[in-house]
Amino acid sequence: MKIILKEDVKKIGKAGELLTVSDGYARNYLFPRDLAVEATPSEMKKLKQKQDVKEQKQNRVENDAKKAAERLKDLVVQVRVKVGESGKLYGSVTNKDIADAIKDSTGIDIDKRKIELKEQVKTTGEHTAHIRLHQDVAFDLRFQVLE
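Described below are features of the structure shown in this document. (Residues numbered from 1 in each chain as written. Predicted model: local features only at pLDDT ≥ 70, side-chain atom pairs only at ≥ 80, totals over all residues. Heavy atoms only, no water.)

Considerations on the side chain of Glu62
Part 1 of the reasoning: Mapped onto the elements, Glu62 comes out in helix α2 (residues 41–73).
Part 2 of the reasoning: In contact with Glu62, not counting residues within four places along its chain, are His134, Asp136 and Val137. (Helix = DSSP H or I, 4+ residues; strand = E, 2+ residues; numbered from the N terminus. Contact = heavy atoms within 4.5 Å.)

Have a look at this one:
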């Protein structure tokens, strides 16, 4: 029997997959637990529509990430911090500080978890951070730490 999974099922497949399973397994286990539906032409059409919507959303997210990367690639963001009398920072510059500085200067909201610092930033001056906006969109951002 051909079925379409509604949810992930261990050792069988992931949600949205079209599978062939035995009639008894489908009728006695998958259907009563609402884990799958029979693959009728109408259900196949619904599955195709869901996949198209999902693909469009992924394309839109990737295009937005590419546009943001183009705007930020050549930009030097300024991060303002408190500095002690000897020129050392109180603490260090964090991913959140960089994300806030990007939002303030450009209006682009970047999740702090997408920013990777190669080392802790504890001095003023120019530094770089690696930003991964999407699995296919990544770049290095230059930022300046100022008093």
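With respect to the sheet that holds strand β6 (residues 125–134)
Part 1 of the reasoning: Strand order in this open sheet of four strands is β4-β7-β6-β5, and the pairing throughout is mixed. Each edge of the sheet is formed by a strand with only one pairing partner; in this case those strands are β4 (76–80) and β5 (115–116).
Part 2 of the reasoning: Along the sheet face, α2 touches β6 and β7 (137–146) and points at about 40° away from the line of β7.
Part 3 of the reasoning: Set on the sheet, helix α3 (residues 95–106) makes contact with β4, β5, β6 and β7; between it and β4 the angle comes to about 120°. (Pairing = 2+ DSSP bridges. Axes fitted to C-alpha atoms, helices over the stretch in contact; angles between N-to-C directions.)

Remarks on the environment of Thr124
Part 1 of the reasoning: Turning to its location among the elements, Thr124 is positioned in the loop between β5 and β6.
Part 2 of the reasoning: Thr124 has contacts with Val83, Leu89 and Val145, leaving out every residue within four places of it along the chain.

Remarks on the pattern of salt bridges
Part 1 of the reasoning: Counted under the stated rule, the structure contains ten salt bridges.
Part 2 of the reasoning: Notably, a salt bridge pairs Asp100 with Lys96, separated by 3.2 Å at the nearest N-O pair. With Asp100 and Lys96 both in helix α3, this residue pair falls four residues apart, about one helical turn.
Part 3 of the reasoning: As a salt-bridge pair, Arg142 and Glu126 come within 3.2 Å of each other at their nearest N and O atoms. With Arg142 in strand β7 and Glu126 in strand β6, this residue pair connects regions lying 16 residues apart in the sequence.
Part 4 of the reasoning: For Arg142, a relative accessible area of 39% translates into the label partly exposed. (Salt bridge = Lys/Arg side-chain N within 4 Å of Asp/Glu carboxyl O. Buried < 20%, exposed > 50% of the residue type's maximum accessible area, 1.4 Å probe, protein only.)

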